[in-house]
Amino acid sequence: MTTTRAGRWAGRSRRATQAAVGALATVTLLAACAAGSPASSGDGTGEPQDGGDIVFLIDSLGDTWIPNNSAISSFQGHIWGHVADKLVYVDEQGEVSPWIAESWEQNDDATQFTLHLKDGVTFSDGSPLDAAAVVANLDNWAFGDPDAGISPIGLFPKTYDHAEAIDETTVEVYFDAPTLGFVPTLGYHGSILISPETLALPAEEQADLSNDIGSGPFVVESWQEGDNVVLTKRADYDWGPEAVGHTGPAYLDSITYKLVAESSTRTGAVRSGQADVAYNATPQELSSFKDEGFVVAVPRYLGFVNGYRLNTQVAPFDDTLVRQAFQHGINRDEILRTVYTEDWSAAEGLIQSNVPEATDHSDSFAYDPELAASLLDDAGWVEGADGIRTRDGEQLALTLYPNPYLATSEAIDELVAQQLGELGFVVDIQAYDVVTFGERVTDNTSLSNYEVTRSFIDVGTVASILTDANNGEDWFGLGESDPVTNDLRDAVAQATDLDARAEAVDELQEHLLDQAYFAPITQIVQRIYVQNPQLHDVTYNGVAYASYYTAWLEG
Amino acid sequence: MRRSTSYLRYAGRRLAQAAAVVLLAYVFTFVVISVLPGDPVTNTLRNPENGFTEEEIARIVAYYGLDQPVVVQLWQSLTHFLVGDLGVSLRSNLPVARLVAEVVPSTLALAASALAVALILAFGIAYATQNLPRRYGQGLLRALPSLFLSVPAFVVGLLLIQVFAFQLGLFSVIDPDSAWATFFAAVALGIPVSAQVAEVLITGLDHESRQEYAAVARSRGLGQARLFAKHLLKPSSLPVVTVVALTVGELLGGALIIETIFGRTGVGSLVQRSVSTQDLPVLQAVVSLAAVVFVVVNLLADLLYPLLDPRVRPEPAPEGRPALERSAS
């Protein structure tokens, strides 16, 4: 069940690799069209038309449908986004706006929040989505019911204490420490509002999607495990987020999510008009679809960029000079040219540039092979006749582990291996499937690096993962050894003021990149949509999910 | 009278054997999956995006009983299985019986259609090799089975989809259970199976047509077509029954690939999803089911033999076991 492949790239000619990826290198694209919210798809203008049914082809429908356990899945999020609502809406730029919560206030130290709910919102079974229902959901997100097999939702603030329903439409939420990230987290894909009756069901019954009652613009008409989910419009829906410019019922009558595992079958079906959207096409297919007039959307999610976490405890990255050489030895333009299309962009720092707190730090890790070589010289790694650097008889060797959650990861690692090979590194590539990767690479502190693909909706919720404090993941193996990182981490996590926090995020990025704890590669696009041009006004939210609530079919 | 008692005893022994095979398959699946690192619940919970504490993970793992020693887990799963409780899927949290019941009809329809396609193709080719004059490409016909065997089913499948679904619009990948879609999936799955059947059949026919009785029949003016239908086909079909019984495994295995390509949801796609997530209860149920199918089909094949060839009859062996063998002719 393990696919392992080791490629040794040191000393290989540049031309060989270029030939290997030559098929991809020709990809040049015309226009990107995934920006903006709502993102208009296609050139079609005019008034939205009611009616129509669309078919969305997807490569997996995830695992369980227990709302808490499944909402993190990047496949099931598509369905939850139509069946359930959220308290707030977070758009592609990370901007938070009202949805089921009309307005909110917080105290000065961000430990207590008051949510004011929209009046008259109901779940599809007719029961009210009132303050009591919101409290039930908050408790469920924060604590789950581990003894009954129901987990809390990922990334929900661990500082949550409790919530109270003050009246029908007012909820008071209490935290035991400042939690500035609370409100944005309510727009994350995990925070879906589900009927308290559903939440009271045992795990086995929650796992039956037909039992999962939400308040969203669509309801589950039918479903078959691992095959399809059919959603139909809810006629009395009237509480869409204002930010998408539409609040009444959806225009489309139905959406059918159908699992088609084979990528070429998915895109072929859209090309032949049998389906309207194909999810997860390969970057190399996109230009031909654009040429044929199809809509291609590559929305970015809010989160970390794609890059390498470097482990300061493991050779060769226990040496700052080697880490810096690694950072400056990666040619990001070449990666963008060969692996991706024009729709992708280079990393500007640790976080995606659409995150509100993002600032440009690209100078601190720019490609500079001469600088990288001199850094390695300074560190005592001497280049031999065979082009390989050694120190005390030891080779400058490392292994890269392509992240199986990102389809292009292996191609990127092959290019990086070749680029570093020119600098005198000996680079192996070890590719694993998802299960083995989870066993051998994730959480393995003996490896020198880890390739990051990770979304978040609020930067405050993730600062704590950088070190080992508060169950942190200790990304760089620093423990508590670097006081500057610790102070900045705390400044971000415990900030009570957004401007002060943005400043701390900027300083934290600068410090982490200067110390070369992290080597960014590119901004990440994990969701690629190829779409029928007759379908208009699709919106993409902060985690890059397509919403067809605002969409309509022409003709 | 004596014959029927011995037959019953024989049937009883075969049933006991079958039950043992199914149980062994069940335990074997458990052992194989258990030695793999990790389990689906922990693998999901340990996704770093979740950020769960060790304590939370431990409590959820305990809910699924995965914190118990392997022997205890096996015993619990086995005792439930023996009273017909297949348990709950670790991946989808749905009852395994429901998951299996949902996918079996589709795979049965596909396998049965594929078998029909395979038999029609095989008998058609075999008939043609006996009746087509050599100069009209008989050699080419005889090469067909090897060709069928060497082209992977997924290539045929993708080609069929490209031409008949996308170009001609005969069927839609959105509705893979429609008649046309099932037919083309059956063709892709049936072609390699037909090759094996055809090869065995051609060999049998060649052998039979060299027999004296065939020459006699010809000399008495019996036409080639009648000779084929009335005399050659029946004895040549005997080994075909064995081959068909053996191809059941191939049909189930091939269904995995064909179902994936045609977007069908069946046993194959359920296995694929369960293997990739180490969903033990589902895998145990499916493997046991496959064992049952295999045992039953082979039993049926044994029972079919005497009907096809009267020279084969279940005779009580000295120790009371009927010997299914050809008597000397």
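All values reported here derive from a predicted model rather than from experimental measurement. (Residues numbered from 1 in each chain as written. Chains lettered and ligands numbered in written order. Predicted model: local features only at pLDDT ≥ 70, side-chain atom pairs only at ≥ 80, totals over all residues. Heavy atoms only, no water.)

Asks: Quick rundown of the interface of chain A and chain B? Include the residues and the values.
Replies: In this assembly, 51 residues from chain A lie in contact with 45 residues from chain B. Summed over both partners, the interface of chain A with chain B comes to about 4,000 Å²; 55% of that surface belongs to carbon and sulfur atoms. Counting across the chain A and chain B interface gives 5 salt bridges. The salt bridge involving Glu225(A) is made with Arg91(B); its shortest N-O contact spans 2.6 Å. Summed over the shared surface of chain A and chain B, the result is 13 residue pairs in polar contact (both at pLDDT 80 or more). Among the secondary structure elements, those contributing two or more residues to the side of chain A that touches chain B are β1 (53–58), α8 (203–206), β8 (218–224), β10 (254–259), α9 (263–271) and α15 (434–440) of chain A. The dominant element in the side of chain A that touches chain B, judged by the number of residues it contributes, is α9(A), at 4 residues. Here the residues of the side of chain A that touches chain B are counted per class, giving 22 nonpolar, 16 polar and 13 charged. (Contact = heavy atoms within 4.5 Å. Buried area = accessible area lost by both parts, 1.4 Å probe. Salt bridge = Lys/Arg side-chain N within 4 Å of Asp/Glu carboxyl O. Polar contact = N/O pair within 3.5 Å; in protein donor to acceptor, adjacent residues only side chain to side chain. Helix = DSSP H or I, 4+ residues; strand = E, 2+ residues; numbered from the N terminus. Nonpolar A, V, L, I, M, F, W, Y, C, P; charged D, E, K, R; others polar.)

Asks: I'd like a rundown of helix α11 (residues 320–329) of chain A, residues and numbers included.
Replies: Residues and elements named next belong to chain A. For α11, a buried count of 8 out of 10 residues is recorded, marking the element as mostly surrounded by other parts of the structure. Every buried residue belonging to α11 is among Val322, Arg323, Gln324, Ala325, Phe326, Gln327, His328 and Gly329, and all of these are buried. With a side-chain oxygen positioned 2.9 Å from the backbone nitrogen of Leu321, the residue opening α11 is Asp319. (Buried < 20%, exposed > 50% of the residue type's maximum accessible area, 1.4 Å probe, protein only.)

Asks: Any chance you could break down the confidence of the model for chain A for me, citing the residues and the numbers?
Replies: Overall, the prediction assigns chain A a mean pLDDT of 87, with 91% of residues at 70 or greater. In this model, residues 1–44 of chain A is a region of pLDDT below 50 whose contacts with residues beyond four sequence positions or in other chains number 96 contacts. (pLDDT = per-residue confidence, 0-100.)

Asks: Break down a negative patch on the surface for me, with residues and values.
Replies: A contiguous patch of negative charge, built from Asp497(A), Asp499(A), Glu503(A), Glu507(A), Glu510(A) and Asp514(A), is present on the exposed surface. Here Glu510(A) falls in the partly exposed class, since its relative accessible area comes to 40%. (Patch = residues over 30% accessible without salt bridge, like charges linked within 9 Å, V, L, I, M, F, W, Y side chains within 5 Å. Areas by Shrake-Rupley, 256 points an atom, 1.4 Å probe, with all protein chains shown as cover. Lys, Arg positive; Asp, Glu negative; His and termini not counted. Charge placed at Lys NZ, Arg CZ, Asp CG, Glu CD.)

Asks: How would you sum up the sheet that holds β8(A)? Please name residues and give values.
Replies: Residue and element names in this part refer to chain A. In spatial order, the strands read β8-β9-β10-β1-β11-β21-β12; together these 7 strands make up an open sheet with mixed pairing. Edge strands, defined here as strands with exactly one partner in the open sheet, are β8 and β12 (295–297). The mean inter-strand angle of the sheet, taken between neighbouring strand axes irrespective of direction, is 20°. Where strand β11 (residues 277–279) lies against strand β21 (residues 529–531), 3 bridges are found, and the strand directions are antiparallel. (Pairing = 2+ DSSP bridges. Axes fitted to C-alpha atoms, helices over the stretch in contact; angles between N-to-C directions.)

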